[in-house]
Amino acid sequence: MYNLKNNLMRAAVNLSLLILSFICFLSCDKNDDNLKLTKENGKPSMIQKEDGSKVYFYYDGDKLSEIKEIKGSVASYEYENDDLVSVSYAPEDKAVADGHAFTKFQKMDNNKIRIESSGEPSFDVYKWEIDVFGGLPMRITELGFYSSDPDKAESPLQEGLYYGDFAYDPTMESLLKLTIYNKETNEKVATYTYEYDDKPGAISKIDLPLWYYAYRAYRNRAYFGDYNKLFDCHVNNILGVTIDEVAPEDDAVTEVVWTYDYNDENYPVTQTNNRFDLSQIRITY
């Protein structure tokens with residue numbers, strides 16, 4: 001009787017361990033994203049925010065293929081003949097219906113990039129154009145809002161308000177200054193001046209076109225939180241931005257400073273700014 005009871009208890013324990021192992025397998029498989037490391041400096045695998053949320057980076061060779069924010073959005077990068085042609089966005093949580101959007105990129109000729117961005121709920125299209133000279137983005141112009149109806153897509157529903165001129169270091173190809181102008185009057189609205197460290201950039205091994213970084217710098221010029229400014233670290237790492245607005249608000253931000261911890265190869269493993277709570281991110285390659 002004792003042996004029978006002992007065997008039954010042992011079988012129950014083994015069954016419990018088997019169930020726990022299976023649950024662990026499912027759990028580990030579900031969270032396996034944090035194990036897919038590039039192990040290559042300058043090519044992030046994972047960003048962890050200070051609130052514990054995580055962002056995963058996926059690649060096809062040196063091409064960025066996807067950025068997945070847990071409980072956020074998934075950005076999918078599409079290429080044709082090695083050229084970036086679109087980024088599409090969808091909720092990471094498949095149960096969430098809204099949040100789909102896209103941005104398309106088209107080379108109009110050797111010197112112009114047309115950008116079209118749209119998303120739920122209206123899917124009206126916002127358009128920009130980037131002028132490129134000698135491989136460097138020189139100007140981005142807001143063309144305005146256009147209807148998603150092809151029969152009404154020629155004339156803007158609303159004209160764009162601004163354009164921006166870029167000033168680059170022609171040797172390093174790092175953005176030094178972005179100046180925003182009123183499109184109608186050509187009057188200067190604001191200037192953003194950038195400073196960098198002398199260490200290799202956190203995303204310096206990602207193969208994306210310089211005009212894409214210029215587009216992001218223009219669109220996100222006044223957004224300093226989260227991991228957004230990581231995309232300014234494609235050469236060296238951004239240390240500061242000084243904002244000079246012609247007609248600033250009383251509480252206008254005039255300067256933001258970033259600090260880093262570096263690994264033994266001088267690549268950043270943390271990025272923190274002095275303006276916002278929950279601002280530190282941890283970078284895993």
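Each remark here, short or long, concerns the structure printed above.
Residues numbered from 1 in each chain as written. Predicted model: local features only at pLDDT ≥ 70, side-chain atom pairs only at ≥ 80, totals over all residues. Heavy atoms only, no water.

(A) Geometry of the overall build of the protein chain. Along the protein chain, the regular secondary structure elements total two helices and 17 strands. Considering only intrachain contacts with a sequence separation of at least 6, the fraction spanning at least 24 residues in the protein chain is 40%. Carbon together with sulfur atoms contributes 49% to the accessible area of the protein chain, which is approximately 16400 Å² in total. (Helix = DSSP H or I, 4+ residues; strand = E, 2+ residues; numbered from the N terminus. Contact = heavy atoms within 4.5 Å. Areas by Shrake-Rupley, 256 points an atom, 1.4 Å probe, with all protein chains shown as cover.)

(B) Broad picture of a negative patch on the surface. Residues Asp-244, Glu-245, Glu-249, Asp-250 and Asp-251 make up a contiguous surface patch of negative charge. Within the element layout of this structure, Glu-245 appears in strand E14 (residues 238-245). Relative accessible area serves as the criterion here: at 31%, Glu-245 is assigned to the partly exposed category. (Patch = residues over 30% accessible without salt bridge, like charges linked within 9 Å, V, L, I, M, F, W, Y side chains within 5 Å. Salt bridge = Lys/Arg side-chain N within 4 Å of Asp/Glu carboxyl O. Lys, Arg positive; Asp, Glu negative; His and termini not counted. Charge placed at Lys NZ, Arg CZ, Asp CG, Glu CD. Buried < 20%, exposed > 50% of the residue type's maximum accessible area, 1.4 Å probe, protein only.)

(C) Region of the structure containing the packing of aromatic side chains. Tallied over the entire structure, the rule returns 15 aromatic pairs. Between Tyr-126 and Trp-128, the aromatic rings sit 4.8 Å apart at their centres with planes inclined by 65°, giving edge-to-face as the arrangement. Look at Tyr-126 and you get buried, because its relative accessible area is 16%. Ring centres 6.2 Å apart and planes at 50° place the aromatic pair Phe-166 and Tyr-168 in the tilted group. The two residues Phe-166 and Tyr-168 agree in class, both being buried. Cluster of aromatic residues (ring-pair linked, three or more members): Tyr-77, Phe-105, Tyr-126, Trp-128, Phe-145, Trp-211, Tyr-212, Tyr-213 and Tyr-215. Above the face of the Tyr-262 ring, Lys-199 is positioned so that its terminal group lies 5.0 Å from the ring centre. Positioned above the aromatic ring of Tyr-218 is the side chain of Arg-221, whose terminal nitrogen or guanidinium carbon lies 4.4 Å from the ring centre. (Phe/Tyr/Trp six-rings, centres within 6.5 Å; stacked < 30°, edge-to-face > 60°. Lys NZ or Arg CZ within 6 Å of the ring centre and 35° of its normal.)

(D) Local environment of the nonpolar core. Counting residues in hydrophobic clusters, the biggest one holds 55 residues, and the most contacted among them are Phe-57, Ile-67, Tyr-77, Leu-208, Tyr-212 and Phe-231. For this core, the leading source of residues is helix H2 (residues 210-219), giving eight residues. Apart from the residues lying within four places of it in its own chain, the contact partners of Phe-57 are Pro-44, Ser-45, Ile-47, Leu-64, Glu-66, Ile-67, Tyr-227 and Leu-230. (Core = buried A, V, L, I, M, F, W, Y, C linked by side-chain atoms within 4.5 Å.)

(E) Layout of unusual backbone geometry. Glu-120 connects to Pro-121 through a cis peptide bond whose omega is 10°. Structurally, Pro-121 is set in the loop between strand E7 (112-119) and strand E8 (125-133). Here the phi dihedral of Asn-266 falls at roughly 70°; this positive angle occurs in a residue that is not glycine. Mapped onto the elements of the fold, Asn-266 is located in the loop between strand E15 (255-262) and strand E16 (268-273).

(F) Up close: the pattern of salt bridges. On inspection of all chains with the given rule, the structure shows 13 salt bridges. In this structure, Arg-139 and Asp-165 form a salt bridge, with 2.7 Å as the shortest nitrogen-oxygen distance. Taken together, the positions of Arg-139 in strand E9 (residues 136-146) and Asp-165 in strand E11 (residues 162-168) put the pair 26 residues apart, joining distant regions of the chain. Using a relative accessible area of 32% as the deciding quantity, one classes Arg-139 as partly exposed. Ionic pairing is found between Lys-183 and Glu-159, a salt bridge with its closest N-O pair at 3.5 Å. In this pair, Lys-183 is assigned in the loop between strand E12 (175-182) and strand E13 (188-196) and Glu-159 in strand E10 (residues 158-159), connecting sequence segments 24 residues apart. Judged by its relative accessible area of 26%, Lys-183 falls in the partly exposed class.

(G) Structural context of empty space enclosed by the protein. In the structure shown here, the tally under the stated rule is two cavities of 30 Å³ or more. Empty space within the largest cavity amounts to approximately 70 Å³. If you go around the largest cavity, the residues you meet are Tyr-168, Leu-175, Tyr-194, Tyr-196, Tyr-213, Ala-214, Ala-217, Phe-231, Asp-232 and His-234. Looking at the lining of the largest cavity, the elements that each hand over two or more residues are E13 and H2. Classifying every residue of the lining of the largest cavity gives eight nonpolar, one polar and one charged. Taken as a whole, the second largest cavity encloses approximately 30 Å³ of empty space. If you go around the second largest cavity, the residues you meet are Phe-224, Gly-225, Asp-226, Asn-228, Lys-229, Trp-258, Gln-271, Asn-273 and Ser-279. Within the lining of the second largest cavity, the residues separate by chemical class into two nonpolar, five polar and two charged. (1 Å grid on protein atoms, 1.4 Å probe; cavity = no way out; pocket = protein on both sides within 12 Å on 5 of 7 lines; lining within 4 Å. Points joined across faces, edges and corners; volume = space filled by probe spheres on them. Nonpolar A, V, L, I, M, F, W, Y, C, P; charged D, E, K, R; others polar.)

(H) Just the layout of surface pockets, in detail. In this model, the largest pocket occupies a volume close to 540 Å³. At the level of elements, strand E3 (63-69), strand E4 (73-80), strand E5 (83-91), strand E6 (101-109), E7 and H2 are the ones that each hand at least two residues to the lining of the largest pocket. Considering only residue class, the lining of the largest pocket consists of 13 nonpolar, six polar and four charged.

(I) Seen up close, the pairing of E13. Where E12 and E13 come together, five bridges link them in antiparallel fashion. Along E13, the bridge assignment pairs Lys-177 with Thr-193. Taking the residues that link successive antiparallel strands as the turn, the E12-E13 hairpin has five residues, and the phi of Asn-186 there is positive, at about 65°. Where E13 meets E14, seven bridges bridge the pair, whose relative direction is antiparallel. (Pairing = 2+ DSSP bridges.)

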